[in-house]
Amino acid sequence: MSGSANVGVHVDHARDEDPAKMAEFEAKINAGELLEPDDWMPQAYRQGMLKMAEHHANSEIIGALPEGEWITRAPSLRRKLALTAKVQDEVGHGQMLYRVSQDLGKSRDQMLRDLITGRTKYHNVFNYPAPTWGDIAMIQWLIDGAAIMNQKTLADGAYGPYVRTMKRINMEEAFHFKSGEDMVLTLMSGTKMQRQMGQEAFDRWWYPALMFFGPPDKPHAEQLPPMRWRMKTVTNDNLRRRFINRFAPAAIDLGLKIHVVKKDDNGMVIERKPDENLRLDETTGNWSFTQPDWDEFYRVIRGNGPCNAKRLALRRFSYEQGRWVRHAILRGNAGLPPAA
Amino acid sequence: MITLPDNLKRPFADLLLAVADDKLMLGHRNSDWTGLAPILEEDIAFSSLAQDEMAHAQALYQLIAGLIGTSADALAFGRKSEAFRCAAIVEAPDEFDWATAICRQFFCDHFDRLRLRRLARSSDKPVADLANRLAAEEQIHVEHVDSWMQRLGRGTDESRQRMQKALDRLAAIAPSLFEPIEHEHELVAADVYPRAETDMFETWRNELEQIANDSSLKLDLHPPSPQTIGGRRGKHTEHLPPLLDEMCEVYRLEPNAAW
Amino acid sequence: MSNVREQSHPSNGDLTSPAEGDLKPYVVFTQLNRGDPHMYAGCVDAADQQMALQFAREHYGQDQKCVNIWVVPKEAVTATNYDTDLIWRHTDQTYRLARGYSKPVKDKWRKLRRAEDLKEYEKDDLKETF
Ligand SMILES: [Fe+2]
Ligand SMILES: [Fe+2]
């Protein structure tokens, strides 16, 4: 899952670039052409793409952790296999996106080190807890669902290696989303306890899903470099509107109630009430809703979410624990013996 | 197809349970590495191997379920510890030590390849067909794990020491895989579990020692000792009950529900 | 969840592992059916070709049926440059393509042959080259 909508790539206006080359570059972008790593591009674009792909890669491998906790507890053989394969896919996405970033000039080892020492970030959504099996269902339905909507638009971007990777990733996301739908449908048509589990998990994930697309856009977002250069192609608010229009009515039909919630420091819901702003505007066809708590969003991004420390610590443990293995094959005599 | 005489049904189910339970526990342990392995590419590869083990278990449980009238999920999630037939080595946790995970897989994959090849000659056609297909996948596992033994055994002093330590620790319980199930000799006599062409323990020991030698590692294997066996008759190590509690945590919330 | 995932590990402070850099990149090509061309699938980082092949099988060979895989060290790939290496010429190339002849040939035939005879005759043309 994941996506880089809320990476907040800050790209400086490239004042010191050769204006002729710059014009040619922007003409290529406007013509819908794909850029390749060896093409001329402004320094700011290269740095911005690296930052975006690296953030996305980080998000994939951190995103493997909350669901990874449930592989050993999945309640049937089929679900156990599917969840393992799903988390494995996320690792694969991370691998492919690190490759895009490596080709932009940064080593994977350095990216992993920057991630686990807090120098670079990953997607905010993975700083929330997944305390029940219901969360696994909701993550795969809502968050992978949001990721697909986002990544589909990223596949319309301009940077060739990233676009091609998005296309490959989206094929796998389709499986994640379908298996998420299957789990949500099973829970919500199950026993009273299962439906309650589903509702409680939904209450935990609905707002993180809305925040998934990033904060409200700056004015004239379309003219700022990330969109002008087709690093992203749709604004955060537009993506969020599409998401709500698709998922709010589906949730209602599943028998879920959409709540505005208050959470404690561990990300658990302590208060909830129906979202009174939630309704379909017949004239525009859009659903209105109560905005997420953006203060919470920035608090979590700054490192104070319920699971920030836990996610980083486990990823760091994995890195440190694997040191001797990587060292043996990088520096040691770890070739295979000659064939007999 | 010959129908199995009634007195062999239970032993046959036990034999297949031993195969399936070994694979489920091994796959369960290994799948926990998904997202945490030392290299991203190997994370993906090792997870595929774990999925294979669990998928093999599922296919076997389906056969057994047909034989004794239950479901694959009920076999995997609905039994008490003493009804499992797995061996001590697959119950052993690895605490995310890569050397332990690889060595455990090394002992088990070589054993499983031999066991499945034997089952592939079974007079029971459905089991023989399935075992034949699974043995082909086991071959991929053996090649994968052998190359890790060799690379890490030969890598650096540190990697060799870590591998040697894990190998020694597991070599003490690995032969538990060979503990026979109850009434196994009757299954052998009826050709349902045909006799191995050469002594299975010797073959296994030779294969493993060969790879260990290529890997600058020492390996000393002895036939199973009475202290390490019991798993095939439902007497398990202290690691199995907590493993099952974890594995069945959600299932047990509502055992009759669909999940 | 398993013990190790549950335990708390240090989340800050210096890393004990030194920076070591990356393994070597290999380009992966997969073939979906015997006889099909191998297609670019992605990359894996590995210590050598056998390791690259082993990784590629599990990474790129499992999302759809796949029958064969090639891995090539990335450094072994030499490529042209979009801006400086002209490949397809600027001048009119229709003289070396079948489609450069379709209209004039048709016009000339029409003067000599009946439409249905021509149609019958054209059936054996390689349509996809026009
Ligand atoms: Fe996903
Ligand atoms: Fe993903």
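Per chain, residues are indexed from 1 in the order of the written sequence. Chains and ligands are labelled by the order in which they are written, letters from A for the one and numbers from 1 for the other. For a predicted model such as this one, the threshold for reporting local features is a pLDDT of at least 70, and the threshold for listing and counting side-chain atom pairs is 80 or more; totals across whole chains, interfaces and linings nevertheless cover every residue. Water and hydrogen atoms play no part in the side-chain values, which are based on all heavy atoms of the structure.

### Regarding the overall build of chain C
Thinking step 1. A helix here means a DSSP run of H or I that spans at least four residues, while a strand means a run of E at least two residues long, and both kinds are numbered starting from the N terminus. On a plain count of helices and strands, chain C comes out with four helices and three strands.
Thinking step 2. Put simply, the radius of gyration uses C-alpha atoms, and a globule should come to 2.2 Å times the residue count raised to 0.38. Computed over its C-alpha atoms, the radius of gyration of chain C comes to 28 Å, more than 25% above the 14 Å expected for a compact globule of 130 residues.
Thinking step 3. By principal-axis analysis of the C-alpha atoms, chain C measures approximately 90 × 40 × 25 Å.
Thinking step 4. Whether a residue is buried, partly exposed or exposed follows from its accessible area with a 1.4 Å probe, protein chains only, as a fraction of its type maximum: under 20%, in between, or over 50%, in that order. A buried classification covers 28% of the 130 residues belonging to chain C.
Thinking step 5. For this analysis, residues touch if any pair of their heavy atoms sits within 4.5 Å. Taking the intrachain contacts of chain C between residues at least 6 apart in sequence as the baseline, contacts between residues at least 24 apart amount to 42%.
Thinking step 6. Surface summary for chain C: the accessible area is close to 9400 Å², and the carbon and sulfur share equals 52%.
Thinking step 7. Put simply, chain C has 19 plus and 21 minus side-chain charges, and the middle of one group is 14 Å from the middle of the other. Each accessible area value is a Shrake-Rupley result obtained with a 1.4 Å probe; residue values ignore everything except the protein chains displayed when judging cover. Only four residue types enter the tally: Lys and Arg on the positive side, Asp and Glu on the negative side, with His and both chain ends excluded. By convention, charge coordinates are those of NZ in Lys, CZ in Arg, CG in Asp, or CD in Glu.

### Things to note about the overall build of chain A
Thinking step 1. For chain A, the helix and strand inventory stands at twelve helices and four strands.
Thinking step 2. The dimensions of chain A, computed from C-alpha atoms along their principal axes, are 65 × 60 × 35 Å.
Thinking step 3. Of all 340 residues assigned to chain A, the portion counted as buried reaches 63%.
Thinking step 4. A separation of at least 24 residues holds for 77% of the contacts in chain A among residues at least 6 apart in sequence.
Thinking step 5. Carbon and sulfur atoms make up 51% of the accessible area of chain A, which amounts to about 13200 Å² in all.
Thinking step 6. Considering chain A, the positive charge centre built from 47 side chains and the negative charge centre built from 43 side chains are found 4 Å apart.

### With respect to the interface of chain B and chain A
Thinking step 1. Across the boundary between the two partners, chain B contributes 53 residues, which contact 52 residues of chain A.
Thinking step 2. We define buried area as the total accessible area lost by two parts upon association, computed with a 1.4 Å probe and summed across both. Across the chain B/chain A interface, buried area totals approximately 4500 Å², and carbon plus sulfur atoms make up 65% of it.
Thinking step 3. Three residues stand out in chain B for area buried against chain A, namely Leu40(B), Arg154(B) and Trp259(B), and they jointly supply 18% of the buried area on that side.
Thinking step 4. The term salt bridge refers to a side-chain nitrogen of Lys or Arg lying within 4 Å of a carboxyl oxygen of Asp or Glu. The interface formed by chain B and chain A contains three salt bridges.
Thinking step 5. Here Glu249(B) and Arg73(A) are joined by a salt bridge, their closest N and O atoms 3.4 Å apart.
Thinking step 6. Any pair of N or O atoms that falls within 3.5 Å is considered a polar contact. Within protein, one atom must be able to donate a hydrogen and the other to accept it, and sequence-neighbouring residues count only if both atoms are side-chain atoms. On the surface where chain B and chain A come into contact, there are 17 residue pairs in polar contact (both at pLDDT 80 or more).
Thinking step 7. Those elements that provide at least two residues to the side of chain B that touches chain A are α1 (6-31), α2 (40-68), α3 (72-77), α5 (98-119), α6 (125-154), α7 (157-171) and α10 (240-247) of chain B.
Thinking step 8. The leading source of residues in the side of chain B that touches chain A is α2(B), at eleven residues.
Thinking step 9. A per-class count over the side of chain B that touches chain A returns 26 nonpolar, 13 polar and 14 charged. Classification convention: Asp, Glu, Lys, Arg as charged; Ala, Val, Leu, Ile, Met, Phe, Trp, Tyr, Cys, Pro as nonpolar; all other residues, Gly among them, as polar.

### Here we look at a nonpolar patch on the surface
Thinking step 1. In this scheme, patches are assembled from residues that exceed 30% relative accessible area and form no salt bridge. Like charges are connected within 9 Å, while nonpolar side chains (Val, Leu, Ile, Met, Phe, Trp, Tyr) are connected within 5 Å. A surface patch of nonpolar side chains, about 320 Å² in accessible area, is lined by Tyr95(C), Tyr101(C) and Val105(C).
Thinking step 2. One can find Tyr101(C) in the loop between β3 (68-73) and α3 (102-112).

### Things to note about unusual backbone geometry
Residues and elements named next belong to chain B.
Thinking step 1. Phi at Phe96 is positive, roughly 55°, even though this residue is not glycine.
Thinking step 2. Considering the arrangement of structural elements, one finds Phe96 in the loop between α4 (88-91) and α5.
Thinking step 3. Given the relative accessible area of 4%, Phe96 is considered buried.
Thinking step 4. A positive phi angle, close to 60°, is found at His183, a residue other than glycine.
Thinking step 5. Locating His183 in the fold gives a position in the loop between α7 and α8 (184-189).

### Considering the interface of chain C and chain B
Thinking step 1. The interface of chain C with chain B comprises 17 residues on the first partner and 19 residues on the second.
Thinking step 2. Taken together, the two surfaces of chain C and chain B that pack against each other cover about 1500 Å², and 53% of this comes from carbon and sulfur.
Thinking step 3. At the boundary of chain C with chain B, the tally comes to two salt bridges.
Thinking step 4. Our count for the contact surface shared by chain C and chain B stands at six residue pairs in polar contact (both at pLDDT 80 or more).
Thinking step 5. Elements represented by at least two residues in the side of chain C that touches chain B include exactly α1 (3-6), β2 (39-46) and α2 (49-60) of chain C.
Thinking step 6. Each residue belonging to the side of chain C that touches chain B can be placed in one class, and the counts come to six nonpolar, six polar and five charged.

### Section: a positive patch on the surface
Residue and element names in this part refer to chain A.
Thinking step 1. There is a patch of like positive charges on the surface, built from Lys152, Arg241, Arg242 and Arg246.
Thinking step 2. For the positive patch, the element with the highest residue contribution is helix α9 (residues 236-253), accounting for three residues.
Thinking step 3. Its relative accessible area of 43% is what places Arg246 among the partly exposed residues.

### A closer look at helix α6 (residues 160-188) of chain A
Thinking step 1. In this scheme, a helix's expected span is set at 1.5 Å multiplied by one less than its residue total. Over its 29 residues, α6(A) extends 41 Å from the first C-alpha to the last, a length consistent with the 42 Å expected when each residue adds 1.5 Å.
Thinking step 2. Two axes are fitted around each residue, one to the seven residues ending there and one to the seven starting there, and the angle between them is reported as the bend at that residue. At Met171(A), α6(A) shows its strongest bend, of approximately 25°.

### Overview of the pairing of strand β2 (residues 269-274) of chain A
All names here are of chain A.
Thinking step 1. Two strands pair under a simple rule: DSSP has to find at least two bridges between them. As paired elements, strand β1 (residues 259-263) and β2 share five bridges and run antiparallel to each other. Residue Val260 lies in a different strand from β2, and its bridge partner there is Lys273.
Thinking step 2. Where β1 folds back on β2, the antiparallel hairpin that results is connected by five residues, among which Gly267 adopts a positive phi of roughly 80°.

### Some details on the confidence of the model for chain C
All names here are of chain C.
Thinking step 1. Per-residue pLDDT for chain C has a mean of 91; in total, 98% of the residues score no lower than 70.
Thinking step 2. The least confident element of chain C, judged by mean pLDDT, is α1 at 80; the most confident is β3 at 98.
Thinking step 3. This complex was scored by the predictor with a pTM of 0.94 and an ipTM of 0.97. On a range of 0 to 100, pLDDT expresses the predictor's confidence in each residue.

### Structural notes on empty space enclosed by the protein
Thinking step 1. A 1.4 Å probe that fits but cannot get out identifies a cavity on a 1 Å grid over protein atoms alone, an open set with protein on both sides within 12 Å along at least five of seven lines counts as a pocket, and a residue lines either if it has an atom within 4 Å of a point. Grid points are joined across faces, edges and corners, and a volume is the space filled by probe spheres set on the points. Applying the stated criterion across every chain, the model contains five cavities of 30 Å³ or more.
Thinking step 2. Taken as a whole, the largest cavity spans an internal volume of roughly 210 Å³.
Thinking step 3. Lining the largest cavity are 19 residues, with Arg108(A), Asp109(A), Leu112(A), Arg326(A) and Gly21(C) sitting closest to its centre.
Thinking step 4. Elements that contribute at least two residues to the lining of the largest cavity include exactly α4 (108-116), α11 (308-321) and α12 (323-330) of chain A.
Thinking step 5. Within the lining of the largest cavity, the residues separate by chemical class into nine nonpolar, two polar and eight charged.

### Side note on helix α1 (residues 19-30) of chain A
An α-helix turns once every 3.6 residues. As a result, residues three or four positions apart point the same way.
All names here are of chain A.
Thinking step 1. With twelve residues, α1 should cover 16 Å at 1.5 Å per step; its first-to-last C-alpha distance of 16 Å lies within 8% of that length.
Thinking step 2. Those residues of α1 that are buried are in contact with α2 (43-68) and α8 (225-228).
Thinking step 3. Looking at where α1 begins, the residue whose side-chain oxygen comes 2.9 Å from the main-chain nitrogen of Ala20 is Asp18.
Thinking step 4. Gly32 sits one or two residues past α1 and shows a positive phi near 80°.

### With respect to the environment of Leu49(B)
Residue and element names in this part refer to chain B.
Thinking step 1. Positionally, Leu49 belongs in helix α2.
Thinking step 2. Put simply, Leu49 and Leu26 are 23 residues apart on the chain and 9.9 Å apart in space, counted from C-alpha to C-alpha.
Thinking step 3. The residues contacting Leu49, other than those within four sequence positions of it, are Gln105, His141 and His144.

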